[in-house]
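Given next are the chains, with one letter for each unit.
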Amino acid sequence: MGYDTIAASGNNATVLHWTRNTGRIHAGELLLLDAGVEADSLYTADITRTLPASGTFSEIQRKVYQAVLDAADAGFAAAQPGTKFRDIHTAATTVLAERLAGWGILPVSVEEAISPEGQQHRRWMPHGTSHHLGLDVHDCAQAKRELYLDGVLTEGMVFTIEPGLYFKKEDLAIPEEYRGIGVRIEDDILMTADGPVNLSAALPRNAEDVEDWMAGIYRTEEA
Ligand SMILES: [Mn+2]
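Described in the following lines is the structure provided in the data block. All values reported here derive from a predicted model rather than from experimental measurement.

## Here's the deal with the coordination of the manganese ion
So, point 1. Within the protein, D46 (OD), H131 (NE2), E162 (OE) and E186 (OE) serve as the donor atoms for the manganese ion, at 2.0 to 2.3 Å.
So, point 2. Motif for the manganese ion, donor spacing along one chain: D-x84-H-x30-E-x23-E. Placement of D46 in the loop between β2 (30-35) and β3 (47-52) and of H131 in the loop between α3 (110-114) and β4 (158-161) is noted, with a sequence separation of 85 residues between them.

As structure tokens, this is what we get:
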């Protein structure tokens, strides 16, 4: 393993780095799995999928999941050779701020939220969207600002895109139906001269593919 696995169901998924990995998985809950294999080369992967324990997403879970997926896709589209590392985060979090506004959750306008002084959406997306990946899972996390957040994406870089939304059970600022839902989708990206390549694309990403994948697992167990 490249790092301690995070296996968090229900409200535990709203706690970043739930490495205690305790708690029962209840029917109808989501299971957030953040895990990565370290290869013989000592380079590590870092992938997150969020799975519906009962095999299908509820309507509200699907809505949150789709927002996170759209944010990830926006980050993917923003990641091009020559663009800045932080542009991925801006693209992804703008989508999340727009959704939160559309759901009546964001207490300010999208413009104010995405301004440096605003950032109100961080209540529900409190981490960065990307980090470099390599021999360490957060490779060169201590690198200088101009080499990291302000750095330019170049061919050969490997990094994650991992937006999420985390609605805590005790969060009274959101409608009750959202509480206890935590979703993150994390892929590993290789930058090439032609743009980003998703190294973890073999794992299902969209809601329908995740449900099909779960159905296949259940079928196998029954056989
Ligand atoms: Mn990560």
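Moving on, there is more to tell.
## Here we look at the sheet that holds strand β8 (residues 195-198)
Whether parallel or antiparallel, the strands of a sheet pair through hydrogen bonds between backbone atoms.
So, point 1. Taken in spatial order, the three strands line up as β4-β7-β8 in an open sheet, and their pairing is antiparallel. This sheet does not close on itself; its edge strands, each paired only once, are β4 and β8. Mean inter-strand twist for the sheet, computed between neighbouring axes without regard to direction, equals 40°.
So, point 2. Looking at chain direction, β4 and strand β7 (residues 187-192) are connected through four bridges and run antiparallel. In the strand pairing of β7, V158 is matched with L190.

## Comments concerning the pattern of salt bridges
So, point 1. What the rule picks out here adds up to 11 salt bridges.
So, point 2. A salt bridge links D73 to R205; its shortest N-O distance comes to 3.1 Å. Here the residue D73 occupies a position in helix α1 (residues 59-78), and R205 occupies one in the loop between β8 and α4 (207-222), the gap between them amounting to 132 residues.
So, point 3. What you see here is one network of salt bridges that share partners, running through R49, D73, D187 and R205.

## Some remarks on α1
So, point 1. An ideal rise of 1.5 Å per residue puts 28 Å on 20 residues; α1 measures up with 29 Å between its terminal C-alpha atoms.
So, point 2. Here α1 has its buried residues at I60, Q61, V64, Y65, A67, V68, L69, A71, A72, G75 and A78.

## Describing the packing of aromatic side chains
So, point 1. Evaluation of the coordinates by the stated rule reveals five aromatic pairs.
So, point 2. Consider the rings of F85 and F159, whose centres lie 6.1 Å apart with planes at 75°: the pair is edge-to-face. Here F159 lies in strand β4 and F85 lies in helix α2 (residues 85-102), a separation of 74 residues in the sequence.
So, point 3. The structure contains a cluster of three or more aromatic residues connected by ring pairs, namely F85, Y148 and F159.

## Let's talk about the pairing of β8
So, point 1. Judged from the four bridges that link them, β7 and β8 form a sheet pairing that is antiparallel. Of the residues in β8, the one forming a bridge with T192 is G195.
So, point 2. Where β7 hands over to β8, the hairpin turn is made up of two residues, counted between the paired strands.

## Some thoughts on the sheet that holds β3
So, point 1. Reading across from one edge, β1-β2-β3 is the order of the three strands in this open sheet, with antiparallel pairing throughout. Only two strands of the sheet have a single partner each, and these edge strands are β1 (6-9) and β3. Going from strand to strand, the sheet's axes swing by 10° on average, the running direction of each strand aside.

## Some remarks on α2
So, point 1. Compared with the 26 Å implied by 1.5 Å per residue over 18 residues, the 27 Å span of α2 between its first and last C-alpha is a close match.
So, point 2. Within α2, burial applies to F85, I88, A92, T93, T94, V95, L96, A97 and L100.
So, point 3. Structurally, α2 contributes buried residues whose contacts are with α1, α3, β4 and β5 (164-167).
So, point 4. Immediately downstream of α2, the backbone of G104 shows phi near 75°, a positive value.

Definitions and cut-offs
- Residues numbered from 1 in each chain as written.
- Predicted model: local features only at pLDDT ≥ 70, side-chain atom pairs only at ≥ 80, totals over all residues.
- Heavy atoms only, no water.
- Donors = N, O, S within 2.8 Å, 3.2 Å for Na, K, Ca; no water.
- Helix = DSSP H or I, 4+ residues; strand = E, 2+ residues; numbered from the N terminus.
- Pairing = 2+ DSSP bridges.
- Axes fitted to C-alpha atoms, helices over the stretch in contact; angles between N-to-C directions.
- Salt bridge = Lys/Arg side-chain N within 4 Å of Asp/Glu carboxyl O.
- Expected span 1.5 Å × (residues − 1).
- Buried < 20%, exposed > 50% of the residue type's maximum accessible area, 1.4 Å probe, protein only.
- Phe/Tyr/Trp six-rings, centres within 6.5 Å; stacked < 30°, edge-to-face > 60°.
- Contact = heavy atoms within 4.5 Å.

Everything listed here is a matter of geometry and, on its own, says nothing about what the molecule does.
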